Amino acid sequence: MSTLYMIRHGQASFGQKNYDQLSDLGIAQAKLLGEYYRDLGICFDEYYTGTMQRHLETADHFFQAFSGEKKPCRALNSSEAFNEYDPEVVLRAVIPMLIEENPDFSRDVDSMFTSRRSFQIVFERAILKWVSGAVQAPGLISWEEYAGRVKDGIQKIMMTHGKGKSIAVFSSGGPISAAVQKALCLTNEVSIQVGWQIINSSVTRFKFTPDRMMMMSFNEYAHLEIKKEESWITYR
């Protein structure tokens, strides 16, 4: 059997003009994970990433600490299959529908960029509405279609590296949620809520063969706990 390590990117630049780049803390988280795996003596046979800036930067900083080089000795395999879904597209499509169903919801929408509580309420309700399959809008793909792309990407890895390999994938919460769904046969709603618990730079592991995938561990972040400071543990 082989092992798939799905690594969530370090903290991105939430609230900044370019969210997709890592924050200073996100860079430190990625390097810390690289140091941690280096000290454990873990080795990888292949490396995959999504194509987003935060995925590539996480891989770069991980390898600076892991091997002393900016890039791994083997080339990164970049694939859009491991990209995050676009939450802005989802919010634009779903928020008007939620307000129509409950006009009081507009209060949280109006304050979502000044109140973390309001943002969380709006975000969670909108995403859950989307994954339920009850929303159709131009340019908006369904969760089923999105997760299907992720699972196809994972299936290609399984078919290529299904015997005695260790594979690292630098990605986001959405693809990790889809991977957990594939392994555990979860509902869409449960899968997306699992994703909200995934910590920046954490690792979720799976065992796999060419035709079977099993959960091994979820949301490992011992490399951050070593710091004994809550500020290292982030979710965006």
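Throughout this description, residue numbers start from 1 for each chain and increase along the sequence as written. In keeping with the model being predicted, local features are shown solely for residues with a pLDDT of at least 70 and side-chain atom pairs are shown and tallied solely at 80 or more, while totals for entire chains, interfaces and linings include all residues. The basis for every side-chain value is the complete set of non-hydrogen atoms in the structure, without hydrogens or water.

Caption draft 1: Representation of the side chain of Thr58 in the model. Secondary-structure assignment places Thr58 in helix 2 (residues 53–66). Once residues within four sequence positions are removed from consideration, Thr58 is found in contact with Arg8, His9, Gly10, Leu22, Ala30 and Phe170. The secondary structure listing takes helices from DSSP runs of H or I that are at least 4 residues long and strands from runs of E that are at least 2 residues long, numbered from the N terminus. Between two residues, a contact is recorded if the distance between any of their heavy atoms is within 4.5 Å.

Caption draft 2: Structural context of the packing of helix 7 (residues 173–184) against helix 8 (residues 188–195). Packing of helix 7 against helix 8 leaves a shortest axis separation of 8 Å and a crossing angle of 135°. Here helix 8 runs oblique to helix 7, going by the angle between their axes. The handedness of the crossing between helix 7 and helix 8 is right-handed. Contacts between helix 7 and helix 8 pair Gly173, Ser177, Val180 and Gln181 from the former with Asn188, Ser191, Val194 and Gly195 from the latter. Any residue outside Ala, Val, Leu, Ile, Met, Phe, Trp, Tyr, Cys, Pro, Asp, Glu, Lys and Arg is labelled polar, Gly included; the first ten of those are nonpolar and the last four are charged. Considering only residue class, the contact of helix 7 with helix 8 consists of two nonpolar, six polar and no charged. For every element, the axis is a line fit to its C-alpha atoms; helices are fit only across the contacting stretch, and the angle between N-to-C directions ranges from 0 to 180 degrees. The scheme is simple: roughly parallel for angles under 35 degrees, roughly antiparallel for over 145, roughly perpendicular for 65 to 115, oblique for anything else. Two helices that cross are described as forming a left-handed crossing if the nearer one is turned anticlockwise from the farther one by less than a right angle, and a right-handed crossing if clockwise.

Caption draft 3: Spotlight on the sheet that holds strand 5 (residues 203–209). Any two strands are treated as partners once DSSP identifies two or more bridges connecting them. Pairing is mixed in the open sheet, where six strands are placed in the order 3-2-4-1-5-6. Edge positions in the sheet fall to strand 3 (76–78) and strand 6 (212–220), since each has one partner strand and no second. Across the sheet, the axes of successive neighbouring strands diverge by a mean angle of 20°, strand direction being ignored.

Caption draft 4: Here's a closer look at the packing of helix 3 (residues 87–101) against helix 5 (residues 116–131). Contact geometry for helix 3 and helix 5: axes closest at 9 Å, N-to-C directions at 95°. Regarding the angle of helix 3 to helix 5, the classification is roughly perpendicular. Where helix 3 abuts helix 5, its residues Pro87, Val90, Leu91, Val94, Ile95, Met97, Leu98 and Glu101 lie against Val122, Phe123, Arg125, Ala126, Ile127, Lys129 and Trp130. Of the residues belonging to the contact of helix 3 with helix 5, the class tally is 12 nonpolar, no polar and three charged.

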